[in-house]
Structures are given as structure tokens and as C-alpha cells.
Amino acid sequence: MSTTKSEPLKVGVIGLGWAGQQHLAAYQQIDGVEVVGLAGKETDLLAELGAKHGVQGRFDSWEEMLGLDLDAVSVAVPTFLHAPIAIAALDKGIHVLSEKPIARNGDEARAMVDAARRAGRVLDVAFNHRRRGDIGALKQIITAGELGRPYYAKASWLRRAGIPGLNSWFTSRELAGGGPLADIGVHVLDFALYLLGEPKVLAVSAVTYAELGPRGRGGSGRTAADATVSPFEVEDFASAFLRLEGGATLLIEAGWAGYRSPKDLMDFTVYGTDGGAELRIEGASFTPVGTLSVFTESEGRNADRVVAAEPGRAHQQVVEDFVEVIRSGPAAWARHDGSLALMRAEIIDAAYLSATQNREIQL
Ligand SMILES: NC(=O)c1ccc[n+]([C@@H]2O[C@H](COP(=O)([O-])OP(=O)(O)OC[C@H]3O[C@@H](n4cnc5c(N)ncnc54)[C@H](O)[C@@H]3O)[C@@H](O)[C@H]2O)c1
């Protein structure tokens, strides 16, 4: 297995949809990385992407692809397949970069983390939004202590009509594990906890609604690459209130669809003891840089400013980070065992349980 800097890193990509194509393109930009396998069920797309990126090994099932001599694999398939593929790959000693959410639930995520620890290999999860430049700029401001101690934050990703593939795996509870809370809410939860310095989440109280999707409303028009026919079994909007260690609280909203402003919105607001900040990204993931405002006080007067940030490098950065960790060797691998993504999965499990049982859930 070639994990030294001198030999090319042999990589496979499973999944040909939007996510898989991000991973494939990103690996091509990294020196010393060779994509030797590509897997997906869309025969024409497999041939097209294989030819475009010069990938020799092309497979219509992930099981076949894992027969290759691989150092690492990207898993960019419907969520129900993340755990079986990741565990099979890790058991073969292959490092894994999984798409988010890590899995359908905490139990599956825990089995993946156990497999990574057993194998002594990397399990990373693609949280590309925390790698946005505007979020990075805000992280620096919070870490520098400019806002004092954050005590209340709210973060959301809200769409007017953005259900990704009505009647596809995305809307099947069995195949996806959940609706927007699991799909885009996990990004919001990830960047919010990252910005707040990874506080422990003590309790979750959540609500979920499915008001538009079941009536065929709120679709994005986007069809999943591997469209199956599924009824609408998940929520189309969720809101979760989290109590954090140290007394701070966080409100998360995730909506695929709702009667609101037509521009998608991703945002984060934080109130701290010495200052506050608002990041507003109209157009959400399609907008490279949002508006970041910082509110502080100087000699009793408002000292507010708008902070300029550079665009982030999204999946390119995530994939480069993954390759860098692999090249750093076993001590770094042990710190990348998927446990951060597992914590997100456990919080989302608690939110769904809270919504079902109409009560706050302690973690
Ligand atoms: N990080 C992000 O910003 C982001 C964005 C979109 C999707 N995602 C995640 O990426 C994953 C895939 O999403 P997508 O939108 O690309 O989905 P998609 O439905 O468009 O594509 C899924 C791919 O998986 C392939 N596949 C299914 N079963 C397979 C099997 N048995 N063997 C090999 N390939 C198989 C399909 O053929 C298809 O190519 C999901 O987990 C999703 O949550 C992440």
C-alpha cells in the first residue's frame, strides 16, 4: 500500500452525482494522486467521466471497485450506502473520505468510527461549508476573543423550493435517514459548532414538519443521478434548539421548502459578551462570499464593521486536507477517525427523537 510521499496515492471515487464529481475533479488537481477507479450506475456518465479524467478502472458497483489495490476512496453515494462501503473499505486498509451526513444515524456512524480505529486508517467526512472563506474569517474573529464569550447563536439554511429530487432516495427515510436536517442541517450544525469552539451539546429540543413535500410542492427540479421512486417520507423543515455546555444556546433551522423569500439563505448570528456578528449568505452555497458584519463597542459607542473575506475552495480544500492527513502518517490518521461527524449524527438522532416524542432529549 503506497502511503509515502514518493509513490502516487491510488484513489477510487464511488458515485457520479454532483458530490462524486466534486471529489473526482479535486483529486485531479493534486500532484501525486492517481484516480484509478470510478464507480456508479449511470453507464453513459461513467464512460464520459472516466474518459474525461483518464480513469481506467470503471465499475457499476462499489463492491467490484474495492477489489482494486487502493490507498483511499471517496464515498459519494446515497446515505444508506455510506456505512457498508466505508466499513468494507476500512477493513481492507483503505482510507475513507465519506460525504455528509456520515451515515443515516448514530449507530451506523459509530460502526464506521469503530472500523476506522480497528483498521488504523483515516475516516474523514466532507464538511465543505466550514471551509468557506467567510466562515474562516468569522472563526478567526471569534477565536481571537473579539466577541468575548458567545452566549447565543442561531444558524440556518433555508430554501424556498429546494427539495433535492422529489421521489428520489433523498426523500426516502430508509435510504436517506432524514430530510433537510440530515442533509443540509448537518452542514449548519457543523459550521455552527466549529465557530463556537466545539462546545459539548447537552440537550436538544426539535420540531419537524412535512407540509409541502408530501403534496408534491417545493421540489428543486433537480433529479438525483440514481433516481428511484420513493414517497415523501421525511421532513421538509426542521428547527432544533440546543443547550450547550457552559450555558450558551444554539438555534438551528434547516428547510428544503417553505413560503419565504425566493433566495436560498445560509446564515449565522452570534451574540457574545463583548460583541456580535452576523454572516448572511443569500444564495447559500451558490454565493462564494456572504456579508459578514461584526458589532462591537469602543468607548461606549457602536464600532461596527463589515469584514471582507476571500471565497473558500470547498471540496477542493476538503479533498486536499484528506490527502494531506494520509501523507502525514499514522499519528495524524488516529486524529481523523470520524468521531466529530459521529457527534453530529448523535445530535441529529436526538433532534429527530425529540420531534417524535415532543420533549427535550438529554445527550
Ligand atoms: N457536501 C456537499 O455539499 C454535498 C452536496 C450534495 C450531495 N452530498 C452528499 O453526497 C452523497 C451523494 O449525493 P449526490 O447528490 O451526488 O447523489 P446522486 O443521487 O446524484 O448520486 C449518487 C451516485 O451514487 C451511485 N450509486 C448508487 N448505488 C451505487 C452502488 N451500489 N455502487 C456504486 N455506485 C452507486 C449512483 O449511481 C450515483 O452515481 C449524499 O450522501 C449527499 O448527502 C454532499
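Details of the structure are given in the entry above.
What this report covers is the structure whose coordinates are included nearby. (Residues numbered from 1 in each chain as written. Predicted model: local features only at pLDDT ≥ 70, side-chain atom pairs only at ≥ 80, totals over all residues. Heavy atoms only, no water.)

1. Looking at the environment of W256
Locating W256 in the fold gives a position in the loop between β10 (249-255) and β11 (265-272). Expressed as a C-alpha distance, the spacing of W256 and G136, which sit 120 residues apart in the sequence, is 25 Å. (Helix = DSSP H or I, 4+ residues; strand = E, 2+ residues; numbered from the N terminus.)

2. Comments concerning the sheet that holds strand β3 (residues 57-59)
With respect to topology, six strands assemble into an open sheet ordered β3-β2-β1-β4-β5-β6, the strand pairing being parallel. Whereas interior strands pair on both sides, the edge strands pair on one side only; in this sheet they are β3 and β6 (123-126). Within the sheet, the average angular offset between the axes of one strand and its neighbour, ignoring direction, is 20°. Where strand β4 (residues 72-75) lies against strand β5 (residues 95-99), four bridges are found, and the strand directions are parallel. For V73, the partnering residue across the bridge sits in β5 and is V96. (Pairing = 2+ DSSP bridges. Axes fitted to C-alpha atoms, helices over the stretch in contact; angles between N-to-C directions.)

3. Re the sheet that holds strand β13 (residues 291-298)
In space, the nine strands of this open sheet follow the order β14-β13-β12-β11-β7-β10-β9-β8-β15, with mixed pairing throughout. Edge strands, defined here as strands with exactly one partner in the open sheet, are β14 (301-307) and β15 (361-362). As defined by bridge partners, strand β8 (residues 201-209) adjoins β15 across two bridges and the pair is classed as antiparallel. Pairing of A203 across the sheet is with Q362, part of β15. Where helix α12 (residues 339-357) meets the sheet, it contacts β8, β9 (237-244) and β15, and its direction lies at approximately 55° from that of β8. (Contact = heavy atoms within 4.5 Å.)

4. Remarks on unusual backbone geometry
Following K100, the chain continues into P101 via a peptide bond in cis, with omega recorded as -15°. Inspection of the secondary structure assignment puts P101 in the loop between β5 and α5 (106-119). One non-glycine residue with positive phi stands out, namely E299, at about 50°. Non-glycine residue N358 carries a positive phi angle of around 55°. Checked against the element boundaries, N358 lands in the loop between α12 and β15.

5. Brief notes about the pattern of salt bridges
Pairing between side chains becomes possible if they bear opposite charge and their charged atoms approach one another. If you walk through the whole model with that rule in mind, you get 20 salt bridges. Between R305 and E146 there is a salt bridge, and its shortest N-O distance comes to 2.7 Å. Pair noted here: R305 is in strand β14 and E146 is in the loop between α6 (133-143) and β7 (150-158), with a separation of 159 residues, a long-range link. Assessed through its relative accessible area of 37%, R305 is described here as partly exposed. Of the charged contacts, one joins R313 and E320 as a salt bridge, the two residues approaching to 2.7 Å between their closest N and O atoms. The exposure class of R313 is partly exposed, given its relative accessible area of 40%. Under the relative-accessibility criterion, E320 is labelled partly exposed at 24%. Connected through salt bridges with shared partners, the residues R130, D190, E198 and R344 form a single ionic network. (Salt bridge = Lys/Arg side-chain N within 4 Å of Asp/Glu carboxyl O. Buried < 20%, exposed > 50% of the residue type's maximum accessible area, 1.4 Å probe, protein only.)

6. A closer look at helix α2 (residues 43-53)
In an α-helix there are 3.6 residues to a turn, and that puts residues three or four apart on one side. When we look at burial in α2, the residues that qualify are L46, L49, G50 and H53. Each buried residue of α2 sits inside an arc of 100° when the element is viewed along its axis, so together they form one side. Within α2, the exposed residues directed more than 90 degrees away from the buried face are D44, E48, A51 and K52. Elements that come into contact with the buried residues of α2 comprise α1 (18-28), β2 (33-39) and β3. (Arc of directions from axis to C-beta.)

7. Remarks on the pairing of β7
Sheet topology note: the β7/β11 ladder contains eight bridges and is antiparallel. For P150, the partnering residue across the bridge sits in β11 and is G272. Taken together, the seven bridges between β7 and β10 define a ladder with parallel strand orientation. Its bridge partner lying in β10, Y152 is registered against T249.

8. Some points on α5
An ideal rise of 1.5 Å per residue puts 20 Å on 14 residues; α5 measures up with 20 Å between its terminal C-alpha atoms. Within α5, burial applies to G106, E108, A109, M112, V113, A115 and A116. Looking at the buried side of α5, the elements it contacts are α4 (82-91), β5, β6 and α12. A side-chain oxygen of the first residue of α5 lies 3.1 Å from the backbone nitrogen of D107; this N-cap is N105. (Expected span 1.5 Å × (residues − 1). Polar contact = N/O pair within 3.5 Å; in protein donor to acceptor, adjacent residues only side chain to side chain.)

9. Considering the layout of surface pockets
Counted as a void, the second largest pocket has a volume near 380 Å³. Around the second largest pocket sit 18 residues that line it, and D124, V125, R130, H336 and L340 are the ones nearest its centre. When residues of the lining of the second largest pocket are traced back to their parent elements, those giving at least two are β6, α10 (314-328) and α12. Take the lining of the second largest pocket: its biggest share by element is four residues, from α10. When the residues that make up the lining of the second largest pocket are grouped by side-chain class, the tally is nine nonpolar, three polar and six charged. (1 Å grid on protein atoms, 1.4 Å probe; cavity = no way out; pocket = protein on both sides within 12 Å on 5 of 7 lines; lining within 4 Å. Points joined across faces, edges and corners; volume = space filled by probe spheres on them. Nonpolar A, V, L, I, M, F, W, Y, C, P; charged D, E, K, R; others polar.)

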